[in-house]
Amino acid sequence: MAENKLNYNIYEESCYSLKYQERNSIDALITDPPYGIAYQNHHWDKGEKGKVPDEKIWKDSFDKLKPGGYGLVFSFPRVMHHVMKHLEESGFIIKDVLMWCYLNGMPKTRNVGLDIDKELGVESEEYGQYNYVIGYVKEGAETYKVNGKKKKKPASDLGKIYDGAGYNLKPAYEPIILVQKPIEEGLTVAQNIKKYRTGAMNLEKTRLPYSPDEDKDKVGHNPHPLGRVPANVIRSEELEDDYDKYFLISTYGNFHDQHYIEPKVRRKKDTFNMHPTVKPIKLMQHLIRLLTFENQTVLDPFMGSGSTGVACMLENRNFEGYELEQEYFKIAEQRIKNAQQKIF
Ligand SMILES: C[S@@+](CC[C@H](N)C(=O)[O-])C[C@H]1O[C@@H](n2cnc3c(N)ncnc32)[C@H](O)[C@@H]1O
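Conventions used here
- Residues numbered from 1 in each chain as written.
- Predicted model: local features only at pLDDT ≥ 70, side-chain atom pairs only at ≥ 80, totals over all residues.
- Heavy atoms only, no water.
- Helix = DSSP H or I, 4+ residues; strand = E, 2+ residues; numbered from the N terminus.
- Contact = heavy atoms within 4.5 Å.
- Areas by Shrake-Rupley, 256 points an atom, 1.4 Å probe, with all protein chains shown as cover.
- Patch = residues over 30% accessible without salt bridge, like charges linked within 9 Å, V, L, I, M, F, W, Y side chains within 5 Å.
- Salt bridge = Lys/Arg side-chain N within 4 Å of Asp/Glu carboxyl O.
- Buried < 20%, exposed > 50% of the residue type's maximum accessible area, 1.4 Å probe, protein only.
- Near = heavy atom within 4 Å.
- Polar contact = N/O pair within 3.5 Å; in protein donor to acceptor, adjacent residues only side chain to side chain.
- Nonpolar A, V, L, I, M, F, W, Y, C, P; charged D, E, K, R; others polar.
- Core = buried A, V, L, I, M, F, W, Y, C linked by side-chain atoms within 4.5 Å.
- Pairing = 2+ DSSP bridges.
- Phe/Tyr/Trp six-rings, centres within 6.5 Å; stacked < 30°, edge-to-face > 60°.
- Lys NZ or Arg CZ within 6 Å of the ring centre and 35° of its normal.

Remarks on the overall build of the protein chain
Link 1 in the chain: Of the regular secondary structure elements, the protein chain holds 9 helices and 11 strands.
Link 2 in the chain: The long-range share in the protein chain, meaning contacts at least 24 apart out of those at least 6 apart in sequence, stands at 73%.
Link 3 in the chain: Here the protein chain displays about 19,200 Å² of accessible surface, and carbon together with sulfur accounts for 51% of that area.

Given below as structure tokens:
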């Protein structure tokens, strides 16, 4: 099942056991596993017995990673403690939890005040209609239509008190767990790097360049010429405040134009990539640069539509990936091949 190319191998099968990888052969683990929350009711996100992935995958990943090698595992706030426990019990050191922040998440909630009206048998008050976005259309064209659904507000006394009350906050970040396999016993970090080329993060190559309009003389006491140190908070889309300069990851090199920057929620209707949880390439490039150096090898046991692999090709890293679902595997195969050949 393996497809051998110059610098990537992808497998259309379950990652459990990671049977194609040698012990101590992988420089970094970067993966976005099923969160185990039944996202949009996708069966592959229900996990083993409805939970996060079996911890066996982290034990296997630990075994394949070189001593001192780092890993980044995407997770979800309400299940990440299980994943962290599994990672730690598999031998990894928990180093940090990065927060990838974004704006376009919507909470799953209801207006509890209306539910109270219903419970009390009181008719809620109608006061207009909702407008819904009907999908992606070109700039300047009609973007909204009235679909007729009535806006309602609570009418009962108790309902009025609970008007707008709900169950969840707006999700505005995804946690990414940073782990490390301990360096080889008896070695210093420098000795471990000499032996395996793993043991430290590539901070210098992931600095955040100053924005063009920034006065560099005013940045800190000794501004570094390449920019600020990468932080454990990451933004991949520009917001409208002054904090961006600390967190907004940059696009590096020539191939990172906006055709390759996919936002958290896809807006293009015509993309052939139908995977529901595609990660932005710009984000994956940053993470790959952070954990590895050129020509090193990254493993993604849950590659989905292959975003980690695409970013590896753009960053001149080798890639090893698994995907169970044939439909997603084919998308990943095409995307990684295109990226390797720099076809946009
Ligand atoms: C959250 S998605 C990854 C999405 C990816 N980051 C992207 O940008 O397309 C997780 C993927 O893991 C796959 N998966 C689930 N269990 C698996 C297994 N045992 N082996 C390999 N892949 C698996 C699912 O089919 C799904 O596509």
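Here the narrative resumes, following the displayed structure.
Section: a nonpolar patch on the surface
Link 1 in the chain: Together, Leu120, Val122, Leu158, Ile161 and Tyr162 line one region of the surface with nonpolar side chains, adding up to about 470 Å² of accessible area.
Link 2 in the chain: With respect to the helices and strands, the residue leucine 158 is situated in helix 4 (residues 157-161).
Link 3 in the chain: The exposure class of leucine 158 is partly exposed, given its relative accessible area of 42%.

Structural notes on the site of the ligand
Link 1 in the chain: What surrounds the ligand is a group of 22 residues, the closest being Asp32, His275, Ser305, Ser307 and Glu323.
Link 2 in the chain: Between the ligand and serine 307, the relevant distance is 2.6 Å, taken from an oxygen atom to a side-chain nitrogen or oxygen of the residue.
Link 3 in the chain: For the ligand, whose accessible area on its own is 610 Å², the fraction buried by protein is 95%.
Link 4 in the chain: The residue makeup of the shell around the ligand, split by class, is 11 nonpolar, 6 polar and 5 charged.

Let's talk about unusual backbone geometry
Link 1 in the chain: Residue arginine 197 is not a glycine yet carries a positive backbone phi of 65°.
Link 2 in the chain: Note on placement: arginine 197 falls in the loop between helix 5 (189-196) and strand 9 (233-235).
Link 3 in the chain: Positive phi outside glycine occurs at asparagine 295, with the angle close to 70°.
Link 4 in the chain: Secondary-structure assignment places asparagine 295 in the loop between helix 7 (281-291) and strand 10 (297-300).
Link 5 in the chain: Residue asparagine 295 is classed as exposed on the basis of its relative accessible area, which comes to 57%.

Some words on the nonpolar core
Link 1 in the chain: One finds Trp58, Leu287 and Ile336 to be the most contacted residues of the largest nonpolar core, which totals 55 residues.
Link 2 in the chain: Among the elements that take part in this core, helix 7 stands out by supplying 7 residues, more than any other.

Regarding the environment of glutamate 184
Link 1 in the chain: Mapping glutamate 184 onto the fold places it in the loop between strand 8 (173-180) and helix 5.
Link 2 in the chain: On the basis of relative accessibility, which here comes to 24%, the residue glutamate 184 falls in the partly exposed class.
Link 3 in the chain: Separated by 116 residues in the primary sequence, glutamate 184 and glycine 68 have C-alpha atoms spaced 7.1 Å apart.
Link 4 in the chain: Ignoring anything within four residues of it in the chain, the contact list for glutamate 184 reads Pro67, Asn192, Lys195 and Tyr196.
Link 5 in the chain: Engagement of the side chain of glutamate 184 in a polar contact is seen with the side chain of lysine 195, the distance being 2.9 Å.
Link 6 in the chain: There is a polar contact of 2.2 Å between the side chain of glutamate 184 and the side chain of tyrosine 196.

Some thoughts on the pairing of strand 3 (residues 26-31)
Link 1 in the chain: Among the 6 residues of strand 3, 6 are classified as buried, and the element is accordingly described as predominantly covered.
Link 2 in the chain: Here strand 3 pairs with strand 4 (residues 65-74) via 5 bridges, running parallel. Bridged to isoleucine 30 within strand 4 is leucine 72.
Link 3 in the chain: Sheet topology note: the strand 3/strand 10 ladder contains 2 bridges and is parallel. Note that in strand 10 the partner of alanine 28 across the bridge is valine 298.

What to know about the pairing of strand 2 (residues 8-11)
Link 1 in the chain: Of the two faces of strand 2, the one carrying Tyr8 and Ile10 and the one carrying Asn9 and Tyr11 are both buried.
Link 2 in the chain: In terms of strand pairing, strand 2 meets strand 11 (residues 318-322) through 4 bridges, oriented parallel. When the sheet's bridge partners are listed, asparagine 9 is paired in strand 11 with glutamate 320.

Let's talk about the side chain of aspartate 60
Link 1 in the chain: Inspection of the secondary structure puts aspartate 60 in helix 1 (residues 56-64).
Link 2 in the chain: Judged by relative accessible area, aspartate 60 falls into the buried class, the value being 14%.
Link 3 in the chain: Discounting residues that sit within four places of it in the chain, aspartate 60 has contacts with Tyr16, Ser17 and Leu18.

Focus on the packing of aromatic side chains
Link 1 in the chain: Following the criterion strictly, the structure yields 7 aromatic pairs and no others.
Link 2 in the chain: Relative to phenylalanine 302, the ring of tryptophan 58 lies with its centre 6.3 Å away and its plane at 55°, an arrangement referred to as tilted. Residue tryptophan 58 is located in helix 1, and its partner phenylalanine 302 is located in the loop between strand 10 and helix 8 (307-314); the two are separated by 244 residues in the primary sequence. The same class applies to tryptophan 58 and to phenylalanine 302, which are both buried.
Link 3 in the chain: An aromatic cluster of at least three residues, connected via ring pairs, comprises Tyr11, Tyr20 and Tyr322.
Link 4 in the chain: The ring of tyrosine 127 carries lysine 153 above its face, with NZ or CZ at 5.3 Å from the centroid.
Link 5 in the chain: Taking the ring centre of phenylalanine 62 as reference, the NZ or CZ of lysine 181 above it sits at 4.9 Å.

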